[in-house]
Amino acid sequence: MKNANGLISTTSSNTAQSQSTGLKTYFKTHEGRYKLHYDKTYPSTLLHYAHGKTVSQVTLAHLKDKPVPSTPTGQSSTFSATSGVRSAAVRLWGGSNGGRSLSFVGGNGTSKNLGGNSRIGSIGASSSSNATSNSNFDGKGTYLIFNVGDAIFISDLNSQDKDPVKSIHFSNSNPMCHAFDQDSKDGHDLIIGLNTGDVYSVSLRQQLQDVGKKLVGAQHFNKDGSVNNSHCTCIAWVPGGDGAFVVGHADGNLYVYEKNRDGAGDSSFTVVKDQTQFSVSHARYSKSNPIARWHICQGSIDSISFSTDGTYIATVGRDGYLRVFDYLKEQLICGGKSYYGALLCCAWSMDGKYILTGGEDDLVQVWSMEDRKVVAWGEGHNSWVSGVAFDSYWSSPNSNDNEETVRYRFGSVGQDTQLLLWDLEMDEIVVPLRRPSGGSPTYSAGSQSSQWDSVVPLGTLQPAPSMLDVLKISPLVTHRVHTEPLSGLIFTQESVLTACREGHIKIWIRPAAAESQSSNAETLLSTSLKEKPSILSKVGNSSHRQ
């Protein structure tokens, strides 16, 4: 229940942890109110000692529909109505392989293309867990995957049931990171990295169908830390890589794997000669897996993110540097230093022009690939920034065809428990390019093939810029969304997902989705068929802050 001020009252059944905190259940933007729709968490039976050992990360996974019987049996009326909407969508799209596609930004900031009849985070499509729990295990649905302590939990996004539908427990180790491959051509689409260095690839569908609490049908890589026994810190599929994935470790090394190779193959690499320099070493044997080791930096690699087309990979780490590499050429392109401390997170814009980073300096950095430097700093967090993401589904309601201003919407979350939303106008950050001053660490100059090389040589890592040289931007929205420090942020077509370190996830429904939810099924269908709006919008200069 909410009182007149929109605060959660002590009699509310929603989010027990927030009952006495006075957290608002909505926040305002230009386009309307984002409302707390429901939340997800781990089972109440989970022992408290498991908390705090790991930071919960969240991955969004959409399983494509499989053919279903023409006469479903044993389903509730709620699910039948949902099936009608889905089947109508399939007919309008021309089948499950229709030409249209939607995208979402995954937990690591990379984009995934979805098949034609996929609905991303279809909030409100089903209103009870009983209506969907049995039907989802036939291989369709949108799921949240998150880790708490020594377990991985899988929750049905389209169900309002807080408890997960599946838990997977690990013996004497903790899952640290995970990633889902929407474009997987065979069963193994989920990868999991552990604090022991071990890595598993599995089929998400197979895990959901199994009633046990252990991984089934898993491929095991780096068994018992045979190649690298330091913590897995981040993991990501290579877009268009046909089963290739990369794993970042706490010792500054990143390994390239191929899921279709034997995970037990012997891999040995040359000794890293200089811990301060980037280097690549390939496995000595053709059947080895991992197939390559990239030594990135001294200290932990905290986050990795691929550009949409898989051409570039960005890394951030304990040494405070953002590094951008050409993945196929295995070449350092550019990078730069944080204003202070480590960088903890990074994410690409959908067009590949900008990279967001956040970390211990409490700032959100906007890095320009064209200018090869920080072009804006977002000021507004009161503690470390732990998650950043572009909102590729946002479109300004104040769009004006006569305006030529291009604006991006992105979000950030921090250990200050706050979600911040930002609007960045491109004409605000047009500044003269300058050759960097001396003192920046550099690697080999490389070829002068880029149009920007005359300004910033290829492979240059820029020093931290002066506060006077970077544009400062203020957040559009500042909203305290959890009681614990935040660890993740995901944008979907119909919602914004926030996650805290302790494993609680909140789903904030967008204004347009809330309106469609209250309408009939026909309106809901039309909403599901809308094209994904461009991240670039022509907008006015008005602003709003709650």
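Computed from a predicted model, the values in this text were never measured in an experiment.

Rules used in this analysis
- Residues numbered from 1 in each chain as written.
- Predicted model: local features only at pLDDT ≥ 70, side-chain atom pairs only at ≥ 80, totals over all residues.
- Heavy atoms only, no water.
- Pairing = 2+ DSSP bridges.
- Helix = DSSP H or I, 4+ residues; strand = E, 2+ residues; numbered from the N terminus.
- Axes fitted to C-alpha atoms, helices over the stretch in contact; angles between N-to-C directions.
- Buried < 20%, exposed > 50% of the residue type's maximum accessible area, 1.4 Å probe, protein only.
- Phe/Tyr/Trp six-rings, centres within 6.5 Å; stacked < 30°, edge-to-face > 60°.
- Lys, Arg positive; Asp, Glu negative; His and termini not counted.
- Salt bridge = Lys/Arg side-chain N within 4 Å of Asp/Glu carboxyl O.
- Polar contact = N/O pair within 3.5 Å; in protein donor to acceptor, adjacent residues only side chain to side chain.
- Patch = residues over 30% accessible without salt bridge, like charges linked within 9 Å, V, L, I, M, F, W, Y side chains within 5 Å.
- Areas by Shrake-Rupley, 256 points an atom, 1.4 Å probe, with all protein chains shown as cover.
- Charge placed at Lys NZ, Arg CZ, Asp CG, Glu CD.

> Would you mind going over the sheet that holds strand 32 (residues 486–491) with me for this structure?
Across a sheet, strands are paired by hydrogen bonds formed along the backbone, either parallel or antiparallel in direction. Taking strand neighbours across the sheet as the criterion, the five strands line up as 1-2-34-33-32 in an open arrangement whose pairing is antiparallel. Where the open sheet ends on each side, the last strands, each with one partner, are strand 1 (26–29) and strand 32. In this sheet, neighbouring strand axes are inclined to one another by 25 degrees on average, regardless of whether the strands run parallel or antiparallel. The pairing of strand 2 (residues 32–40) with strand 34 (residues 505–509) spans five bridges and is antiparallel. Across the sheet, residue Leu36 finds its bridge partner in strand 34, namely Trp508.

> Just checking my understanding: could you explain the pairing of strand 19 (residues 312–317) for this structure?
The two faces of the sheet receive side chains in turn, since in a regular strand these alternate between them. Most of strand 19 is tucked away: five of the six residues are buried. Examined bridge by bridge, strand 18 (residues 301–306) and strand 19 share five bridges and lie antiparallel to one another. Within the sheet, the bridge partner assigned to Ile301 lies in strand 19 and is Gly317. What sits between strand 18 and strand 19 in their antiparallel hairpin is a turn of five residues, with Gly310 showing a positive phi close to 80 degrees. Pairing geometry for strand 19 and strand 20 (residues 321–326), over five bridges, is antiparallel. Each bridged residue has a counterpart across the sheet, and for Ala314 the counterpart in strand 20 is Val324. Between the antiparallel neighbours strand 19 and strand 20 lie three residues, among them Gly320 with a positive phi of about 85 degrees.

> Would you mind going over the packing of aromatic side chains with me for this structure?
Each aromatic ring pair is specified by the distance between its two centres and by the angle formed by the two planes. Enumeration according to the criterion identifies 20 aromatic pairs in this entry. Here Phe27 and Tyr34 contribute two aromatic rings whose centre-to-centre distance is 5.0 Å and whose plane-to-plane angle is 10 degrees, an arrangement assigned as stacked. Given a relative accessible area of 0%, Phe27 falls into the buried group. Judged by relative accessible area, which is 2%, Tyr34 ranks as buried. These aromatic residues form a ring-pair network of at least three members: Phe278, Trp294, Phe306, Phe325 and Tyr327.

> It is not clear to me how the side chain of Lys40 should be interpreted in this structure. Could you clarify?
Locating Lys40 in the fold gives a position in strand 2. Here Lys40 occupies a buried position and makes no salt bridge, while the nearest side chain of opposite charge, Asp156, is found at 6.1 Å. There is a polar contact of 2.7 Å between the side chain of Lys40 and the backbone oxygen of Asp156. Within the local environment of Lys40, its side chain forms a polar contact with the backbone oxygen of Ser159, the two atoms lying 2.4 Å apart.

> What should I look at first to understand a positive patch on the surface in this one?
Together, Lys24, Lys28, Arg33 and Lys35 make up a region of like positive charge exposed at the surface. With respect to the helices and strands, Lys35 occurs in strand 2.

> Help me out: how do you make sense of unusual backbone geometry in this one?
Negative phi is the rule for most residues except glycine; trans is the rule for most peptide bonds. Here the residue pair Asn289 and Pro290 is connected by a cis peptide bond, since its omega of 15 degrees sits within 30 degrees of zero. The topology assignment puts Pro290 in the loop between strand 16 (279–282) and strand 17 (292–295). Although it is not a glycine, Asn172 sits at a positive phi angle of roughly 60 degrees. Relative to the elements of secondary structure, Asn172 occurs in the loop between strand 8 (166–169) and strand 9 (175–180). At Asp224, a residue that is not glycine, the phi angle is positive and equals roughly 55 degrees. Relative to the helices and strands, Asp224 is located in the loop between strand 12 (219–221) and strand 13 (232–237). The exposed category is assigned to Asp224, whose relative accessible area is 64%.

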